[in-house]
Every structure is written in C-alpha cells, then in structure tokens.
Amino acid sequence: MNKKQRRMEYCNGDTKNRNPVTVGAGWCPFDFITEEIIFIVLDYLNENPLDKKSFSLVCRSFYAIESRHRRTLRPLRSEHLSSVLTRYQQIFDLDLTLCPRVTDSSLSLIAGSCGESLRSVNLSRSKFFTGKGLLSMVESCRNLVELDLSNGTELRDSAAAAVAEAKNLERLWLARCKLITDIGIGCIAVGCRKLRLINLKWCLGIGDLGVGLLAVKCKEIRSFHLSYLPITNQCLPAILKLQHLEELILEGCFGIDDDSLAVLKQESKSLKTLDMSSCQNVSHVGLSSLTSGTGCLQQLILAYGSPVTHALANSLQGLSKLQSIKLDGCLVTCDGLKAIGNWCESLRELSLSKCSGVTDEGLSCLVMKHKELQKLDITCCRKITDVAVAHITASCTSLISLRMESCSLIPREAFILIGQRCHQLEELDLTDNEVDDEGLNSISRCTKLTSLKLGICLNISDVGITHVGNHCSKLVELDLYRSAGITDSSILAVAGGCPGLEMVNMSYCKDITDVSLIAVSNCSKLNTVECRGCPLITCLGIAAIAVGCKQLSKLDIKKCCNINDFGMIPLAHFSQNLRQVKAAILLSAYLNFSFGYTTQPMTLSRSFAD
C-alpha cells in the first residue's frame, strides 16, 4: 500500500464528502471542517487585508474557499476587472474608487459577472462611463440598493434616467453632478420609490421642481442632502411632510431667507439633524419658524451663519431634546452663550471652532450649566484663558473629546487641570499651545486617550512624551509636527507602550533618526507615517517601516535628503497596501537620471484586488 492509499484508509476511504480540489493531491485535515466553519474563521481576518490573501495562498482548497467567502471588493486597476470578477463571483459591495478610468465596457462586465448578487457600487472617483453603461449595470443588478456617482461632472439626464431603472435603490449619491437637471431627478423620483438617502450637493441644475418631486414621490427618504442647491422656500413644505425624514442638510442654500421661512407652517416630528450652515440670509427669525415644529431635533449645525446673539439662542429654546450644536465660524456674543447655558440641559456636544467673541465669562457660564458635555471644540478661541479651562475641567468631567488648538492665552499651568479632572478623555488636540512636560505628565493620567495632537508645541520634550508613552497604552494617533524638542528616546517609549499605534507625525522634528522608525516598525497596525523634513532619517529606517508595518498606506518623506532609491526598493517589495508616498524632492533627481523626464509626487499602485 502506497502513501496515498494509507492516507485514504486513514480517512475511511470516504472521498465523496471531501473537497474535490484536494482529492488526488494528498490528505488535508481541513477537508473535514465544513465550509461554514472556515467562513467564520475568515470573518475574523479583517484587521489586515493581507491576512486573507495569505490564507488563500496556503493551498488550492483555501484559494477557492476565500473566493467564495469574499463579499467586498476594491480593485486597484480597472484593466484587471475581468480576472478579478471571474474569481470573486459572490460580491455584494464593489468599490471602484481606486479605478479612475471605468468605461461602459467595464460596467457591462460588472453586470455580466455580478448580476443580482451585487448590492453596492461606488463610482465616486471614476469617469469615462455614460448612461448607457449605467443602464446595462442596473438592468442586470436588480438588487442594487446603494450607488455612489459623486463627482460625475460629465453625467447628464440620460444617466439619471438609467439610474431610475434601479427600482430597489435605497441610497444614492449625486454630489457635484452639475449637468443633471430637474428632468433627470424627476425620472429618479418616479423610478426609485424606495430611496432613503439622496445626496444632491452642488447639483446646480436642480431646483425646487426636482427636489419637490423627490419629496412627493419618495416617501421613505430619511436623509436629504441639498447643500448649495438653488432652491427656495417652495420645496420646503413637501420636504417637511416626509414622515420619516431624520436628516436635512441645507448648507449654503442662499435662496432660503427669513421671509420665506416665516410663512412655513409644516412640522417635522421625525427630524433629528438640521444643517443650516452658511445660510447667510437666515437669522433667528427664520430659524425660529423652521424649528418650531421640530421637537425631536437632536443635532443643529449653524456654522458660518448669523451671529449667535441672545435673540438667536432664545429662538431655539424649545428644542428640549437637542444634544449637539455646532456654531463654527460664527460671531458669538457673551449674552448668546449665557442664553444657551440656560436651556437644553441635554447638550452633549458643543463646537465653537474659530468663533470670534468667545470669552471666559460666556464659556464658563455655559459649561457650568451643561455638565454632561462629552465633546467640546474651542479651536482658535484666542480670548479664553486659564479661567475658562478651570471651569471646563471642573464642570465637564465626562469629556471624551476636547479640541483647543491655538488657544494662545492659556498658560502652561492650566493644562495640568485636564489630566487631574478629565480622566475619560479619548481625543485631545493641543496643537500650537503652551503645554509643557509637567502638563503632559498630568495628561498621561488620561489612560483612555486614543488621539493626542501636540503639533507646534515648543515647550515639550522627551520627558513629557515618555510619560504619555508609558501610561497611554491605547494611543492610536500621535501628532508631534514641528515639536522641536522631541528625539528618539521619547519615540522609543511611545512605540514600546502603545502597540496599537496607527498614525504618527514626526515632521520637522530634526533630531529624529532611524532609531525612531525602527522602533515604530514594531507597531503592526501603523498605517500612516509622516517624517517630512527629518534630515537624519536614512534608507535603513524606511526599510524597517516597510518590513514591519504591513498595513502602511501613507508615507511622507519629503525633504529627507538622506533617502535615495535604495530606500524605495523595500517599499515596493513589502508595502502591499501603500497608496500614497510624498517624496517628490528626493525622487525627482533619481527619476530624471533613470528615465529622462520630470515627475510629479510619487504615487504607488498595485494590480491586485484589495
């Protein structure tokens, strides 16, 4: 009896229930595990996209199983669509954002290969297809529920008419499809009655007629994005009659003003999010008319709009369930902030980024009343001092996100209070502030931190960063841009204490060497490394990153004068997920010498499915 016969005897001679791929190729113990169990194992291999590729290369049986298991596909080149779709025939989600050239022939190929199994297609960065190709795809893919055609600047009403044939469509993005008019949208309104989300941002050819038709015909709409459309009050009554509407985005709709809103009588009891950003013609008068019947509103965005005065705050007093309000870029008065502090006790998120007029008095009064705040953004509020920080940290101890970039009047002593009182913090942005090592020592008590930004913090050194590295083990993102006091020793501490690190920015930290890159190469989840302007980094450090960080997708090594073509070779061999390399200066001379032409900043691409 030969070796193969002994194996078959060991398996009781039963080959009927074995995978036919392995019969005749030797015995495999995995033949006795059902495909459903192996599918469950594959479901856990999502952190690193290379893991499933490695699995498929084990044997022909695993290769076939992985092909049947995959449901999401992101091809890196459209010319390989034919071979990729031949292998993966059970695809639900097809993402073509890495394929800038997708023709009608490509869409016909997708139609023939995927058929009714396809649920979602993303063409938001693709061009060169027309309504004819879309029609062939939607006619074959009858179960399509999600389609992204954003940035389709050449698409016309014929393309919209083709989309209208997707009768089961629920989510549609048409942002910046500027040639589509009310006629095309009318076709979609009649054909796609199941729509729940539609995004028409910057569709300048669509007005009240098209939007009104959508509101009348598509009764299931939950999310309506109408930013920068030339619409007026005429379509608003139909919109507010939508019984399931939860999100309404009216950013930059300059045709809507106080006079048109004053006559509005409709209520929307289901609306939860309203965005009126950059609506310069709407004041507290019109806003009061629009929100009077929206008692369920939870998020209100009024960025870059009318001044936040006492009158505006009072007009929103009836929004008892409001949890989030964003006033970015608005002129804010002290009385306005105090008025906000007197209502809406359920507030969980407040954004005052780049708001002029924010003072210690107004902000302190507000946070003392809203002690349950979890997210606070006071970026570029340059008038606040340690007084406001003391009130924030004393009142809002449940903060999980605090952004306070460029608050130049806050002294270094105030940052100690953050670590002493706000232990739940997960995100902290201190870019361009006076924080020092003593402050970082205190902040390191915030052991739940996942994102810490310390760019242009000129008072910190290795001592403070070492404290962070030793105590904040959950850190995922660390930004040290232009923090000149940082050297290798602190990066070693971060790399050793924060194994889940995914992003690190060391740009213009001129004392950083290869030692730092070798250290962070042990962080297996690292996907973004920025070390622009670090003259001591060489090819050795880049090679370590390439070999150790398999998920590396973005690398910035501009102005690193000691890196040459030998540093690029390991990236080509080992960095299978690399999408972007910023290295124009150091590569241009090499490419000129080798190929005789100048080049733009380098971009790498792969010909395999991601």
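Residue positions are given per chain, counted from 1 along the sequence in the order it is written. Two thresholds apply to this predicted model, a pLDDT of at least 70 for residue-level local features and 80 or more for giving and counting side-chain atom pairs, whereas whole-chain, interface and lining totals are computed over all residues. Remark: hydrogens and water are excluded; side-chain values derive from all non-hydrogen atoms of the structure.

**Some words on the overall build of the protein**
To keep things clear, this is the line we draw: By the criteria applied, helices consist of DSSP H or I runs no shorter than four residues and strands consist of E runs no shorter than two, each listed in order from the N terminus. Residue contacts follow a heavy-atom distance rule, with two residues in contact if any of their heavy atoms lie within 4.5 Å. Methods summary: accessible areas were calculated by the Shrake-Rupley approach with a probe of 1.4 Å, and residue burial reflects only the protein chains presented.
Along its length, the protein carries 25 helices and 21 strands. Long-range contacts, defined as pairs at least 24 residues apart, comprise 72% of the intrachain contacts of the protein with a sequence gap of at least 6. Surface exposure of the protein reaches about 26,500 Å², of which carbon and sulfur atoms provide 52%.

**Let's talk about unusual backbone geometry**
Applied cut-off: Categorising residues by exposure relies on relative accessible area from a 1.4 Å probe, with only protein chains included: less than 20% of the type maximum marks a residue as buried, more than 50% marks it as exposed, and the intermediate range marks it as partly exposed.
At Y228, a residue that is not glycine, the phi angle is positive and equals roughly 65 degrees. Looking at the element boundaries, Y228 is found in the loop between β7 (223-225) and α11 (236-240). The exposure class of Y228 is buried, given its relative accessible area of 19%.

**Digging into helix α20 (residues 462-471)**
Selection criterion: Note that the arc is computed from the directions linking the helix axis to the C-beta atoms.
Within α20 the residues assigned to the buried category are D462, G464, I465, V468 and G469. For α20, the angular spread of buried residues about the axis comes to 165 degrees, placing them on one side. On its buried face, α20 is in contact with α19 (437-443), β16 (451-453) and α21 (488-497).

**Quick look at the confidence of the model for the protein**
Where we set the bar: The predictor rates its confidence in each residue with pLDDT, a number between 0 and 100.
Residues at a pLDDT of 70 or more form 89% of the protein, whose mean pLDDT is 88. This stretch, residues 1-25, has a pLDDT under 50; its non-local contacts, to residues over four places away or in other chains, come to 24 contacts.

**Some words on helix α6 (residues 104-114)**
The periodicity of an α-helix, 3.6 residues per turn, causes residues three or four positions apart to be oriented the same way. Taken together, the buried positions of α6 are S106, L107, I110, A111 and C114. End-on, the buried residues of α6 take up no more than an arc of 145 degrees, which puts them together on one face. Turned more than 90 degrees away from the buried face of α6 sit S105 and G112, all of them exposed. Along its buried surface, α6 packs onto α5 (81-87), β2 (93-95) and α7 (131-140). Where α6 terminates, the next one or two residues include G115, which has phi positive at roughly 60 degrees.

**Section: the pattern of salt bridges**
Here is the rule: One side-chain nitrogen of Lys or Arg within 4 Å of one carboxyl oxygen of Asp or Glu is enough to make a salt bridge.
Counting across every chain of the model gives 13 salt bridges. Where R68 meets E35, a salt bridge forms, and the shortest distance between an N and an O atom there is 2.4 Å. On the criterion of sequence distance, the pair formed by R68 in helix α4 (residues 60-69) and E35 in helix α2 (residues 35-43) is long-range, its members being 33 residues apart. E35 gets classed as partly exposed once you look at its relative accessible area, which sits at 30%. Through salt bridges with shared partners, one network takes in E66, R70 and R87.

**Here we look at the state of the cysteines**
This is how it is decided: The disulfide definition used here is simple: a pair of cysteine sulfur atoms within 2.5 Å.
By the definition in use, this model includes zero disulfides. Of all cysteine sulfurs in the structure, the one in C446 sits closest to C422, which takes part in no disulfide; the separation is 6.9 Å.

**Quick look at the packing of helix α9 (residues 182-191) against helix α10 (residues 208-217)**
Basically, it comes down to this: Axis definition: a line fit to C-alpha positions, over the contact stretch in the case of helices; interaxial angles, taken between N-to-C directions, run 0 to 180 degrees. By definition in this entry, angles of less than 35 degrees are roughly parallel, angles greater than 145 are roughly antiparallel, angles of 65 to 115 are roughly perpendicular, and the rest are oblique. Classification convention: Asp, Glu, Lys, Arg as charged; Ala, Val, Leu, Ile, Met, Phe, Trp, Tyr, Cys, Pro as nonpolar; all other residues, Gly among them, as polar.
Taken N-terminus to C-terminus, the directions of α9 and α10 make an angle of 5 degrees; their axes are 8 Å apart at the nearest point. Relative to α10, α9 is oriented roughly parallel. In this structure, α9 uses D182, I185, G186, I188 and A189 to contact α10, whose residues at the interface are L209, G210, L213, L214 and K217. Grouping the constituent residues of the contact of α9 with α10 by class yields six nonpolar, two polar and two charged.

**Observations concerning the environment of L501**
Within the element layout of this structure, L501 appears in the loop between α21 and β18 (503-505). Residue L501 is classed as buried on the basis of its relative accessible area of 0%. Taking the C-alpha atoms as reference points, L501 and V476, 25 residues apart in sequence, are found 4.2 Å from one another. Excluding anything up to four places from it in sequence, L501 contacts L475, V476, E477, L478, V494, C523, K525 and L526.

**With respect to the packing of aromatic side chains**
One pair of aromatic rings is described through two measures. These are the centre distance and the angle between the planes. To keep things clear, this is the line we draw: Stacked, tilted and edge-to-face pairs are distinguished by plane angle, under 30 degrees for stacked and over 60 for edge-to-face with tilted covering the rest, among Phe, Tyr and Trp rings (Trp via its six-membered ring) whose centres lie within 6.5 Å. Two limits define a charge over a ring: the Lys NZ or Arg CZ must be within 6 Å of the ring centre, and within 35 degrees of the ring normal.
Within the structure shown, the criterion is met by three aromatic pairs. Between W202 and Y228, the aromatic rings sit 4.4 Å apart at their centres with planes inclined by 5 degrees, giving stacked as the arrangement. Placement of W202 in the loop between β6 (197-199) and α10 and of Y228 in the loop between β7 and α11 is noted, with a sequence separation of 26 residues between them. For the ring pair Y481 and Y508, a centre distance of 5.8 Å and an interplane angle of 90 degrees mean the geometry is edge-to-face. Of this pair, Y481 sits in the loop between β17 (477-479) and α21 while Y508 sits in the loop between β18 and α22 (514-520); the two residues are 27 residues apart in sequence, bridging distant segments of the chain. One Lys or Arg, R71, reaches over the ring of F92 and ends 5.3 Å from the middle of that ring.

**Quick look at a nonpolar patch on the surface**
Applied cut-off: Any residue with relative accessible area above 30% and no salt bridge may belong to a patch, with like charges joined within 9 Å and the nonpolar Val, Leu, Ile, Met, Phe, Trp and Tyr side chains within 5 Å.
Together, I33, I37 and V41 make up a nonpolar patch on the protein surface, roughly 240 Å² of accessible area in all. Tracing the chain through its elements places I37 in helix α2.

**Let's talk about a positive patch on the surface**
This is how the line gets drawn: Positive charges are assigned to Lys and Arg, negative charges to Asp and Glu, while His and the chain termini are left out of the count. By convention, the charge on Lys lies at NZ, on Arg at CZ, on Asp at CG and on Glu at CD.
Where like charges cluster on the molecular surface, the positive patch consists of R142, K167, R193, K217, K219 and K241. With respect to the element layout, R142 can be found in the loop between α7 and β4 (146-148). For R142, a relative accessible area of 38% corresponds to the partly exposed category.

**Thoughts on the side chain of T97**
Applied cut-off: Identification of polar contacts relies on pairs of N or O atoms within 3.5 Å, with a donor-acceptor requirement for protein atoms, meaning one able to donate a hydrogen and the other able to accept it, and with residues adjacent in sequence counted only if both atoms are side-chain atoms.
Along the chain, the position of T97 falls in the loop between β2 and α6. Side-chain polar atoms of T97 contact the side chain of D95, separated by 2.8 Å.

**Brief notes about the environment of N459**
Checked against the element boundaries, N459 lands in the loop between β16 and α20. With 47 residues separating them in the primary sequence, N459 and R412 have C-alpha atoms 8.9 Å apart. Discounting chain neighbours no more than four positions away, the residues touching N459 are R412, E434, V435, D436 and D437.

**Re the environment of E349**
You can see E349 is positioned in strand β12 (residues 349-351). The sequence separation of E349 and L376 amounts to 27 residues, and the corresponding C-alpha distance is 6.0 Å. Here E349 is in contact with Q299, Q323, S324, I325, K326, L373 and K375, once residues within four sequence places are set aside. Polar contacts involving the side chain of E349 include one to the side chain of S324, which spans 3.1 Å.

**Looking at the packing of helix α15 (residues 334-341) against helix α16 (residues 360-369)**
Between two packed helices, both the angle of their axes relative to each other and the distance between the axes serve to describe the pair. α16 packs onto α15 with a crossing angle of 5 degrees between their chain directions and a minimal axis gap of 8 Å. Taken together, the axis directions place α15 and α16 in an arrangement best described as roughly parallel. Contacts between α15 and α16 involve C334, L337, K338, I340 and G341 on the former and, on the latter, E361, G362, L363, C365, L366 and K369. Split by residue class, the contact of α15 with α16 holds six nonpolar, two polar and three charged.

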